[in-house]
Amino acid sequence: DAGVIQSPRHEVTEMGQEVTLRCKPISGHNSLFWYRQTMMRGLELLIYFNNNVPIDDSGMPEDRFSAKMPNASFSTLKIQPSEPRDSAVYFCASRLAVVYEQYFGPGTRLTVT
Amino acid sequence: GQNIDQPTEMTATEGAIVQINCTYQTSGFNGLFWYQQHAGEAPTFLSYNVLDGLEEKGRFSSFLSRSKGYSYLLLKELQMKDSASYLCAALNQAGTALIFGKGTTLSVSS
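Residues numbered from 1 in each chain as written. Chains lettered and ligands numbered in written order. Predicted model: local features only at pLDDT ≥ 70, side-chain atom pairs only at ≥ 80, totals over all residues. Heavy atoms only, no water.

Turning to the state of the cysteines, a few remarks are in order. In this structure the tally under the stated criterion is two disulfides over all chains. Across the disulfide, Cys23(A) is cross-linked to Cys92(A) (sulfur-sulfur distance 1.9 Å). On the S-S bond that ties Cys23(A) to Cys92(A), the torsion sits near -65°, and the link is left-handed. You can see Cys23(A) sitting in strand β3 (residues 19-24) and its partner Cys92(A) sitting in strand β9 (residues 88-95), a full 69 residues away along the chain. Relative accessible area serves as the criterion here: at 1%, Cys23(A) is assigned to the buried category. The partner cysteine of Cys22(B) in its disulfide is Cys88(B), sulfur to sulfur 1.9 Å. Of note, the bridge from Cys22(B) to Cys88(B) carries an S-S torsion of about -65° and is left-handed in sense. One end of the pair, Cys22(B), is in strand β3 (residues 18-25); the other, Cys88(B), is in strand β9 (residues 84-91), and 66 residues separate them in sequence. What makes Cys22(B) buried here is its relative accessible area of 0%. In this structure Cys88(B) comes out as buried when scored by relative accessible area, which is 0%. (Disulfide = S-S within 2.5 Å. Helix = DSSP H or I, 4+ residues; strand = E, 2+ residues; numbered from the N terminus. Buried < 20%, exposed > 50% of the residue type's maximum accessible area, 1.4 Å probe, protein only.)

The values reported here are purely geometric and, on their own, carry no functional implication.
Here you go:
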């Protein structure tokens, strides 16, 4: 299996621009997670999907962030407009079932200048 | 509230044994995970404990005490490649959220 696939791997953009991060979970996994990792705050859960439905988005920082999962094999995380404080590594992870481990993608390193 | 505490940094030498502690306070609990993260890479799964006791997997072991809200990761026969950040994470009761600690950066020297 190819594992969780994320694109782009690196993104540099200017403040105010729209950023779209993409994720393809492992085939057959029914849960998908978006995380953000910074030195200051560590790894934080942004949103969790189960069977393509958003279950918990309490970690989404504000209305500038939105996430979708139109089908079982694709999810996006969008930031509009982006701000310098959004600079972080964004990880997507997928999971087969509740008590199974999450598999993380390689991450997208976002830099907003 | 929800809180995961683990030491920020630890150092050890090759061949030694190191124990990384983690204490947690969460609203509901459905198990404790340990992940390893090398610099610039994604976290990778090491272990999962849901019952009290010790789980051994090769050079790595993980322990859980639910009554004390405490876990540790034990690494034996340390190797240079074990230099990484080790993340403790608690799964909430519903299984919907994995709450991560900030990680313990382990440096292994020769």
